[in-house]
Amino acid sequence: MGLRLNISWKKIGHAVKEFFISLARGDLLTRLRVDRALPYILYLFFLGCISIWLSYHAEQTMLKVQKNNEIIRTLKIYNAQKTYELVGLDRIATVEKMLEDAGSKVKAPEKPADILK
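All values derive from a computational prediction rather than experimental measurement.

> What am I meant to see in the overall build of the chain here?
The helix and strand inventory of the chain stands at four helices and zero strands. Helices (α) and strands (β) of the chain occur, in sequence order from the N terminus, as α-α-α-α. By its C-alpha atoms, the chain is 120 × 40 × 35 Å across when sized along the principal axes. Per-residue burial for the chain yields a buried fraction of 3% across its 117 residues. When the accessible surface of the chain is totalled, it reaches about 11800 Å², and 65% of it is carbon and sulfur. The averaged location of the 12 negative side-chain charges in the chain is 20 Å from the averaged location of its 19 positive side-chain charges.

Pasting the structure below:
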């Protein structure tokens with residue numbers, strides 16, 4: 001024997017009709033008694049807004065970090081170039097050449113310094 005279901009198609013049709021009528025009138029949520037859950041819905045809305053706000057600020061922070069890393073990379077290259085130039089200026093021959101180009105009478109010492117007692 002097959003399972004015989006007593007389905008009242010008339011009641012289903014009436015329920016569907018009432019659903020669309022309440023949807024059109026705007027009282028569907030009231031009929032579903034969602035008003036009892038309104039504080040929970042507002043709480044979830046508030047938590048969702050906070051989550052979006054925190055995600056936005058995290059994204060902005062990551063963008064600043066990325067820009068700062070690019071600046072640091074550029075400054076490291078600049079620092080290496082300046083260090084190379086300063087090390088090159090530390091040699092006596094380079095200093096003498098710069099003094100000659102400037103027309104200075106200062107020259108490197110020809111004899112070692114005397115020790116005073």
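The discussion continues.
> What is the right way to read the pattern of salt bridges from this model?
Once their charged atoms are close, side chains differing in charge can pair, the charge on each being opposite to the other. Per the counting criterion, the structure on display carries two salt bridges. Here glutamate 85 ties to lysine 82 by a salt bridge, and the two come within 3.6 Å at their closest N and O atoms. Taken as a pair, glutamate 85 and lysine 82 lie in helix α3 (residues 38-89) at a separation of three residues, close to a single helical turn. Glutamate 85 sits in the partly exposed class, given a relative accessible area of 43%. Looking at lysine 82, the relative accessible area reads 35%, which means it is partly exposed. Between lysine 97 and aspartate 101 there is a salt bridge, with the nearest N and O atoms lying 3.5 Å from each other.

> So what exactly am I meant to see when it comes to the confidence of the model for the chain here?
Do not read the fine detail of predicted coordinates wherever pLDDT is low. Averaged over every residue, the pLDDT of the chain is 88; the share at 70 or more is 97%. At the low end of the mean pLDDT range in the chain sits helix α2 (residues 28-31), at 77; at the high end sits α3, at 95.

> Whenever I open this one, helix α1 (residues 9-25) confuses me. Can you help?
Count 3.6 residues to each turn of an α-helix, and residues three or four apart come out pointing the same way. Its 17 residues give α1 an end-to-end C-alpha distance of 24 Å, which sits within 8% of 24 Å, the value for a rise of 1.5 Å per residue. Phi for glycine 26, located one or two positions after α1, is positive at around 95°.

Cut-offs used in this document
Every residue gets a number counted from 1 within its own chain, in the order that chain's sequence is written. Only residues with pLDDT of at least 70 are given local features in this predicted model, and only at 80 or more are side-chain atom pairs given and counted; all residues enter the totals for whole chains, interfaces and linings. Only hydrogens and water are set aside when side-chain values are computed; all heavy atoms of the structure are taken into account. Secondary structure counts use DSSP, requiring at least four H or I residues in a row for a helix and at least two E residues in a row for a strand, with both numbered from the N terminus. Think of it in three bands: with a 1.4 Å probe and only protein chains considered, a residue is buried below 20% of the maximum accessible area for its type, exposed above 50%, and partly exposed in between. In these tables, accessible area is a Shrake-Rupley quantity obtained with a 1.4 Å probe, and a residue counts as shielded only by the protein chains included in the view. By the counting scheme adopted, Arg and Lys are positive, Glu and Asp are negative, and His together with the chain ends is not counted. Charge placement uses NZ in Lys and CZ in Arg. For Asp and Glu, CG and CD serve respectively. Take a side-chain nitrogen of Lys or Arg and a carboxyl oxygen of Asp or Glu: if they are within 4 Å of each other, that pair is a salt bridge. Per residue, pLDDT captures the predictor's confidence, and it can take any value from 0 to 100. By this rule the span expected of a helix is its residue count minus one, scaled by 1.5 Å.

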